[in-house]
Amino acid sequence: MAFLGSAVGRVVSRVRPPLSPLCRTSAHSYSSEPTKEKNVPYEKTLKQEDGTSSGPTKPLPRSADVVVIGGGSLGCQTIYHLAKMGMTNVVLLERDRLTAGTTWHTAGLLWQLRPSDVEVELLAHTRNVISKDLEEETGLHTGWIQNGGLFIASNKQRLDEYKRLMSLGKVYGIESHVLSPAETKDLYPLMNIDDLYGTLYVPKDGTMDPAGTCTTLTRAASARGATVIENCPVTGIQVRTDDIGVKRVKAVETAHGTIETPCVVNCAGVWAAKLGDMAGVKVPLIAMHHAYVVTERIEGIQNMPNVRDHDASVYLRLQGDALSVGGYEQNPIFWDEVSDKFAFSLFDLDWDVFTQHIEGAINRVPALELTGIKSTVCGPESFTADHKPLMGEAPEVRGFFLGCGFNSAGMMLGGGCGRELAHWIIHGRPEKDMYGYDIRRFHNSLTANHSWIRERSHESYAKNYSVVFPFDEPLASRNMRKDPFHQVLTEQGCVFQERHGWERPGWFNKDGPAPVLGYDYYGAYDIKKNINYKYNALLGNEYTFDFPPHHNVIKSECLSCRNAVAVFDMSYFGKFYLTGPDAKKAADWLFTADVNKKPGSTVYTCMLNKNGGAEADLTVSRLEPGTANLPLAPQSNGDVYYLAIGGGVAEHNWNHIKTVLQDQGFHCQLTDHSEDMGMISIQGPKSREVLQEVLDADLSNEAFPFSTHKVVSAAGHQVRAMRLSFVGELGWELHIPKDSCLPVYQAVMAAGAKHGIINSGYRAIDSLSIEKGYRHWHADLRPDDTPLEAGLAFTCKLKSSIPFLGRDRLEKQKKEGLRRRIVCFTIDEKIPMFGLEAVYRNGVPVGHLRRSDYGFFIDKTIGYGYIRNPDGGVVSPDFVKSGEFTLERMGVTYKAKAHLKSPFDPDNKRVKGIYA
């Protein structure tokens, strides 16, 4: 009999063979290991016993509206939801049998609580589908078992993280309980509680059965008219180019025939990158070995909840009267040569890699030390750069959708994501805010960069069970995109953040430079670990749910801006030009605001989807037509617009605009000059005095009013100056050709020295902007929020007759009244909040904070969140004013004051230069 404890002893005592750096393409196997059995712990799989394929299980249709490729969790959920939404001419192609790739060996865990409101909603839908909907539709049981979930905390920070989840869960009606070590022992008698700080118990978590779930999904889809064809490998994707040069899906090729279709959904898991290659689509994921072991029978384990011990990086899944034990390690094995012949297959388990999980499991459940190992399960899984799935329409080919890269979470996210993907295909956009999963969240320069994919995916895998802190940053694949100010700001102590590949300033360390170093894989694969790594140490100081040690540094940056002047490097912004014969038509349709003011004007506006949700907020400047003066102005004989967009979402914005232009047939050119210009923003009461010494223009209110722009000379260099502010102060942005960036910056700093000018970063911008009440897209403004709900009605040209995308939805919403609206909250206690805190009105949960920060000028914590009327009625200003509000943070409630206007400068005087 092989015991878990003896497996640990054998591996620890053996001299470990050296690992070839980064390239462990096959697992080691050892003849001394008695456990040779490789098998999943499920009573039923869909593997054909004779191992032979007799060709497609059904004839191929000549055409289909949608072809889903891959019969795992995502493929089955997607075709089920497509059929349920009324699209019946749909086909699922699986090259072997359903679940044969990665789904068949999944652990099948479902945890309802995650540090994301959208993910909580996605998980809730999955749970409803597998525990209720499918059984009601088909009369079949999917194999769902509701045995509960238990999160283990060995320290205060971990329990604080769980308490954050608990508070968010209350908004969604998810039952959870924080338990003491003694209460945990009562619930789970076999557990060692000596090193426990506490636990979070979620009674309605559970486990799923892959074969039962997928067969039931496809039966339900087939009953609605969908076609599911197994034993039919895809050999090619035909792509056509239309009359305006846009690539579109044409057909799916197989050895048994071709299916004409305008839409393909890539749900091929580990094999998704190969499928993408067939269509010229980049699919940035990587395959790794992922493993668990199945124990023999354990007396007393029956009916126990599943366990996640994040600090030990291990999970324990109930398997009848046994456990499955797995986790995430810092030295996972990459599967570099992905084989097409791997249906229902497993790797040999590498005990050198896996032993760390056994040690953690035995510590948590000591009975495991003398428990036998029944079988090992080591299969391939696909992982991504940020441990989030890849979804949505690929930028390269219209009609090619992704539903892959689920990082071992394809079963539990499958229902919610399958539903959103189906909605995306049918209606052009998902219902929920899926930007965090959208392939367009990655810049196109990164998605084909193999070292970026490998390094980031490794780090995300290794940190999967780490506490999710609000201000963490990756260490892998940094310095991919650097602006002209990067070196000089590094020398001045800049602590950079990474966004979209860009290094952007976070805050400025008083103790000298803290450069970002090359990735060391956390010392795995015999790679030398970075030592005395100052940047990493500063990040470590952020690993708290309290104020960080540099809280006062950020305060100083904020107050210097409020009281004097600060300079912000915002060069990572996306900088696009919209030109062409239909540029004015396109601008009218794309932008909610009327951007067709006279040349020289700059307008803050939104772009919407057809549901009225905000796909972006940005500034649009109208330029004079004329000869090219690139990068400051393009050649144009007609209307020309300059778009400045937050750099972290530039790819999303670019693709949204391109898609709308294509769908509407507008003859326009969209050109990207993001890399050609830097951008600094000089803000504060003294900004005019500083810049008047640098620019050769009159900066008075009369000569240079707010929301206007000019090409001017700055220290002998041409720049585009815009009088704008994202922090609520008098100020200007300077958009500067990259070769002129440093001389202009140096001139600004020299002129500002006598006024106390300092460098400030995005941590200060976050605080200053929330204090002023300015929105951050994808925080308090998302694709599922309308401008009316977000307090941005002033950006919408509803008083005009000009049509724009989403206008009809806004008019309908305005007529019917808002069912939810954004509200500002402040509290008196000096405690930090970060978002996800529950909002109560008169003791009833009505929403949660989307975004929160500390406002240093008003000296209060500020949060913004959308609230609903529990009765489903209109959320009027009176509804807000008449309620008593509290915010729940980590289980503790605080009295809150609700504001319908920003408590800072509500009359908007400071941006106008009025400092009475």
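The structure this text deals with has already been given above.
What you see is a predicted model, and the numbers here were worked out from it, not measured in a lab.

*Asks:* Could you clarify how one ought to interpret the overall build of the protein in this entry?
*Replies:* The number of helices and strands found in the protein is 20 helices and 38 strands. On C-alpha atoms alone, the protein measures out to a radius of gyration of 28 Å, which is about the 29 Å that the 2.2 N^0.38 rule sets for 916 residues. By principal-axis analysis of the C-alpha atoms, the protein measures approximately 85 × 65 × 60 Å. A total of 916 residues make up the protein; the buried ones form 62% of that total. Sequence separation of at least 24 residues holds for 74% of the intrachain contacts in the protein that already meet a minimum separation of 6. Here the protein has roughly 33300 Å² of accessible surface; of this, 49% comes from carbon and sulfur atoms.

*Asks:* Help me out: how do you make sense of the side chain of Ser-460 in this one?
*Replies:* Note that Ser-460 resides in helix H10 (residues 450–462). A polar contact of 2.7 Å, which involves the side chain of Ser-460, links it to the backbone oxygen of Ala-385.

*Asks:* What should I look at first to understand the pattern of salt bridges in this one?
*Replies:* Enumeration over the complete set of coordinates arrives at 55 salt bridges. The salt bridge involving Arg-562 is made with Glu-771; its shortest N-O contact spans 3.0 Å. A residue pair is termed long-range when its members are at least 10 positions apart, and Arg-562 in helix H13 (residues 551–563) and Glu-771 in helix H18 (residues 762–772) qualify at 209 residues. Judged by relative accessible area, which is 1%, Arg-562 ranks as buried. On the basis of relative accessible area, Glu-771 is assigned to the buried category, the value being 1%.

*Asks:* How do you make sense of the packing of H13 against H18 when you look at a structure like this?
*Replies:* Think of two packed helices as two axes; the pair is described by the angle between the axes and how far apart they sit. Between H13 and H18, the least distance of the axes is 9 Å, while the angle of their chain directions is 55°. Regarding the angle of H13 to H18, the classification is oblique. Relative to H18, H13 is oriented so that their crossing is right-handed. Residues Ile-554, Glu-557, Cys-558, Cys-561 and Arg-562 of H13 form the contact with H18, whose own contacting residues are Arg-763, Ala-764, Ser-767, Leu-768, Glu-771 and Lys-772. In terms of residue class, the contact of H13 with H18 is made up of five nonpolar, one polar and five charged.

*Asks:* So what exactly am I meant to see when it comes to H18 here?
*Replies:* It helps to recall that an α-helix has 3.6 residues per turn; residues three or four apart then point in one direction. In terms of residue burial, H18 counts as a mostly covered element, since eleven of its eleven residues are buried. Within H18, the full set of buried residues consists of Tyr-762, Arg-763, Ala-764, Ile-765, Asp-766, Ser-767, Leu-768, Ser-769, Ile-770, Glu-771 and Lys-772. Phi turns positive one or two residues past the end of H18, at Gly-773, with a value near 90°.

*Asks:* What am I meant to see in helix H2 (residues 73–84) here?
*Replies:* Taking 1.5 Å per residue as the helical rise, H2 with its twelve residues ought to reach 16 Å, and the 16 Å between its terminal C-alpha atoms agrees with that figure. Of all twelve residues making up H2, eleven are buried, and the element is well covered by its neighbours. Those residues of H2 that fall on the buried side of the exposure criterion are Ser-73, Leu-74, Gly-75, Cys-76, Gln-77, Thr-78, Ile-79, Tyr-80, His-81, Leu-82 and Ala-83. Once H2 finishes, Gly-86 follows within two positions and takes phi at roughly 100°, a positive value.

*Asks:* Sorry, what's going on with the sheet that holds strand S13 (residues 285–295) here?
*Replies:* In a beta sheet, neighbouring strands are held together by backbone hydrogen bonds and run either parallel or antiparallel to one another. Strand order in this open sheet of eight strands is S5-S6-S4-S14-S15-S16-S13-S17, and the pairing throughout is mixed. Strands with a single pairing partner mark the edges of an open sheet, and in this sheet they are strand S5 (177–179) and strand S17 (373–384). Neighbouring strand axes in the sheet, compared pairwise and without regard to direction, differ in orientation by 20° on average. Strand direction decides the pairing type here: strand S4 (residues 149–153) and strand S6 (residues 198–202), joined by five bridges, are antiparallel.

*Asks:* Please explain the environment of Gln-487 as it appears in this structure.
*Replies:* Along the chain, the position of Gln-487 falls in helix H11 (residues 486–491). The sequence separation of Gln-487 and Val-239 amounts to 248 residues, and the corresponding C-alpha distance is 44 Å.

*Asks:* Explain the packing of aromatic side chains to me, please; I cannot follow it from the model alone.
*Replies:* The geometry of two aromatic rings is summed up by the distance between their centres and the angle between their planes. One pass over the structure, following the stated rule, counts 34 aromatic pairs. Residues Trp-335 and Phe-342 carry aromatic rings whose centres are separated by 4.8 Å and whose planes lie at 50° to one another, so their mutual orientation is tilted. Phe-342 carries the same exposure label as Trp-335, and that label is buried. Consider the rings of Phe-547 and Tyr-854, whose centres lie 5.6 Å apart with planes at 85°: the pair is edge-to-face. Within this pair, whereas Phe-547 is found in the loop between helix H12 (534–541) and H13, its partner Tyr-854 is found in strand S35 (residues 844–855), the two being separated by 307 residues in sequence. Its relative accessible area of 23% is what places Phe-547 among the partly exposed residues. Among the aromatic residues, those joined into a cluster by ring pairs are Phe-334, Tyr-519, Tyr-521, Tyr-522 and Tyr-525. Above the face of the Phe-471 ring, Arg-763 is positioned so that its terminal group lies 3.6 Å from the ring centre. The ring of Phe-857 is capped by Arg-910, whose NZ or CZ atom sits 5.1 Å from the centre of that ring.

*Asks:* Would you mind going over the pairing of strand S19 (residues 400–404) with me for this structure?
*Replies:* For a regular strand, side-chain orientation follows a simple rule: the groups alternate between the two sheet faces. Within S19, five of the five residues are buried, which leaves it mostly tucked inside the rest of the structure. Taken together, the three bridges between strand S12 (residues 264–266) and S19 define a ladder with parallel strand orientation. Residue pairing across strands places Asn-266 opposite Leu-402, the latter belonging to S19. Pairing of strand S18 (residues 390–393) with S19, which is carried by four bridges, proceeds in the antiparallel orientation. If you follow Met-391 over to S19, its bridge partner there is Gly-403. Linking two consecutive strands that pair antiparallel, namely S18 and S19, is a turn of six residues; a positive phi of about 90° is found at Gly-399 within it.

*Asks:* Help me understand the environment of Phe-406 in this model?
*Replies:* Structurally, the position occupied by Phe-406 is in the loop between S19 and helix H9 (410–427). Exposure remark for Phe-406: the relative accessible area of 7% places this residue in the buried category. Those residues in contact with Phe-406 that lie beyond four places of it in its chain are Leu-74, Ser-382, Pro-389, Met-391, Leu-413 and Cys-417.

*Asks:* Which parts of the structure should I look at to understand the state of the cysteines?
*Replies:* Such a bond, covalent and formed between the sulfur atoms of two cysteines, is termed a disulfide. Evaluation of the coordinates by the stated rule reveals zero disulfides. Unpaired in this structure, Cys-232 has its nearest cysteine sulfur neighbour in Cys-76, at a distance of 15 Å.

*Asks:* Help me understand the sheet that holds strand S10 (residues 247–254) in this model?
*Replies:* Strand order across the open sheet formed by three strands is S9-S10-S11, with antiparallel pairing between neighbours. Where the open sheet ends on each side, the last strands, each with one partner, are strand S9 (234–241) and strand S11 (257–260). For this sheet, the mean inter-axis angle between neighbouring strands, taken without regard to orientation, is 25°. Where S10 and S11 come together, four bridges link them in antiparallel fashion. By the bridge assignment for S11, Val-252 is matched with Ile-259.

*Asks:* Can you help me understand the pairing of strand S33 (residues 820–827) in this one?
*Replies:* Here S33 lies mainly inside the structure; eight of its eight residues are buried. Of the two faces of S33, the one holding Arg-820, Ile-822, Cys-824 and Thr-826 and the one holding Arg-821, Val-823, Phe-825 and Ile-827 are both buried throughout. Two strands pair when backbone bridges link them, and S33 and strand S36 (residues 860–868) are joined in this way by eight bridges, in the antiparallel orientation. Bridge assignment links Arg-820 to a residue of S36, and that residue is Arg-868. As judged from the three bridges shared by S33 and strand S38 (residues 892–899), these two strands associate in the antiparallel manner. Residue pairing across strands places Thr-826 opposite Lys-897, the latter belonging to S38.

*Asks:* Please clarify how the environment of Asn-701 should be interpreted in this entry.
*Replies:* Structurally, the position occupied by Asn-701 is in the loop between helix H16 (687–692) and strand S29 (709–714). Residue Asn-701 is classed as partly exposed on the basis of its relative accessible area of 32%. Sequence-wise, Asn-701 and Arg-723 are 22 residues apart; in three dimensions their C-alpha atoms are separated by 9.9 Å. The residues touching Asn-701, leaving out its near neighbours within four places in the chain, are Arg-688, Arg-723 and Lys-912. Separated by 2.6 Å, the side chains of Asn-701 and Arg-688 make a polar contact.

Quick notes on the rules
Residues numbered from 1 in each chain as written. Predicted model: local features only at pLDDT ≥ 70, side-chain atom pairs only at ≥ 80, totals over all residues. Heavy atoms only, no water. Helix = DSSP H or I, 4+ residues; strand = E, 2+ residues; numbered from the N terminus. Rg over C-alpha atoms; globule rule 2.2 N^0.38 Å. Buried < 20%, exposed > 50% of the residue type's maximum accessible area, 1.4 Å probe, protein only. Contact = heavy atoms within 4.5 Å. Areas by Shrake-Rupley, 256 points an atom, 1.4 Å probe, with all protein chains shown as cover. Polar contact = N/O pair within 3.5 Å; in protein donor to acceptor, adjacent residues only side chain to side chain. Salt bridge = Lys/Arg side-chain N within 4 Å of Asp/Glu carboxyl O. Axes fitted to C-alpha atoms, helices over the stretch in contact; angles between N-to-C directions. Parallel < 35°, antiparallel > 145°, perpendicular 65-115°, else oblique. Left-handed = near helix turned anticlockwise from the far one by under 90°. Nonpolar A, V, L, I, M, F, W, Y, C, P; charged D, E, K, R; others polar. Expected span 1.5 Å × (residues − 1). Pairing = 2+ DSSP bridges. Phe/Tyr/Trp six-rings, centres within 6.5 Å; stacked < 30°, edge-to-face > 60°. Lys NZ or Arg CZ within 6 Å of the ring centre and 35° of its normal. Disulfide = S-S within 2.5 Å.

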